[in-house]
Amino acid sequence: MKELTQQEIGQVSGAGIIQDALSSVGGFVGESLYGVVSGIGVELPLVGNVSLGTVLPDLGKNIGSTLGSTAGGIIEGTIAKIPLIGGWLNGLLGN
């Protein structure tokens, strides 16, 4: 059995509180903004009205969630690197 390095542990441990929260907020914001643009359609012969919302309905939520999760991961990674208290804060945040 192989022992995991600190980096490998971080990759498989899952997200922390900040990353989860920003992912949820990003998904909500992305879905809201996407709702504004997804209704714009194009009339195509033989197909009818095609809009971005009908072709890719979850695109805004997925993009927003990914951006939020990435930002949260960066914030949590930065917190974990604080000398002396980074490990304690990292554990407190659920990482």
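For the structure, see preceding data.
Residues numbered from 1 in each chain as written. Predicted model: local features only at pLDDT ≥ 70, side-chain atom pairs only at ≥ 80, totals over all residues. Heavy atoms only, no water.

A separate point is helix α2 (residues 17–37). With 21 residues, α2 extends 31 Å between its outermost C-alpha atoms, agreeing within 8% with the 30 Å of an ideal straight helix rising 1.5 Å per residue. Buried residues in α2 make contact with α3 (52–55) and α4 (59–80). (Helix = DSSP H or I, 4+ residues; strand = E, 2+ residues; numbered from the N terminus. Expected span 1.5 Å × (residues − 1). Contact = heavy atoms within 4.5 Å.)

Time to look at the pairing of strand β2 (residues 48–51). Note: strand β1 (residues 41–44) against β2, four bridges, orientation antiparallel. Residue pairing for β2: Val42 is matched across the bridge by Val50. In this antiparallel pair of consecutive strands, β1 and β2, the connection spans three residues, and Leu46 shows a positive phi of 70 degrees. (Pairing = 2+ DSSP bridges.)

For the rest of this paragraph, the subject is the packing of α2 against α4. Contact pair α2 / α4: the axes reach a minimum separation of 6 Å and the direction vectors enclose 155 degrees. Comparing their axes, α4 and α2 come out roughly antiparallel. In terms of crossing hand, the pair formed by α2 and α4 is right-handed. (Axes fitted to C-alpha atoms, helices over the stretch in contact; angles between N-to-C directions. Parallel < 35°, antiparallel > 145°, perpendicular 65-115°, else oblique. Left-handed = near helix turned anticlockwise from the far one by under 90°.)

Given a rise of 1.5 Å per residue, 22 residues ought to cover 32 Å, and the 31 Å separating the end C-alpha atoms of α4 matches this to within 8%. Taken as a whole, α4 has its buried residues at Gly60, Gly64, Gly68, Gly72, Glu76 and Ile79. Buried residues along α4 cover an arc of 110 degrees about the axis, so they all sit on one side. Set apart from the buried face of α4 by more than 90 degrees, the exposed residues are Thr66, Leu67, Ile74 and Thr78. (Buried < 20%, exposed > 50% of the residue type's maximum accessible area, 1.4 Å probe, protein only. Arc of directions from axis to C-beta.)

Structurally, the position occupied by Glu76 is in helix α4. No salt bridge is formed by the buried Glu76, whose closest oppositely charged neighbour, Lys81, lies at an N-O distance of 12 Å. A distance of 3.0 Å separates the side chain of Glu76 from the backbone nitrogen of Ile18, its partner in a polar contact. (Lys, Arg positive; Asp, Glu negative; His and termini not counted. Salt bridge = Lys/Arg side-chain N within 4 Å of Asp/Glu carboxyl O. Polar contact = N/O pair within 3.5 Å; in protein donor to acceptor, adjacent residues only side chain to side chain.)

Tracing the sequence through the fold places Leu22 in helix α2. Leu22 gets classed as partly exposed once you look at its relative accessible area, which sits at 29%. With residues up to four places along the chain from it excluded, the contact list for Leu22 reads Gly68, Ser69, Ala71, Gly72 and Ile75.

In short, geometric facts, not functional conclusions.
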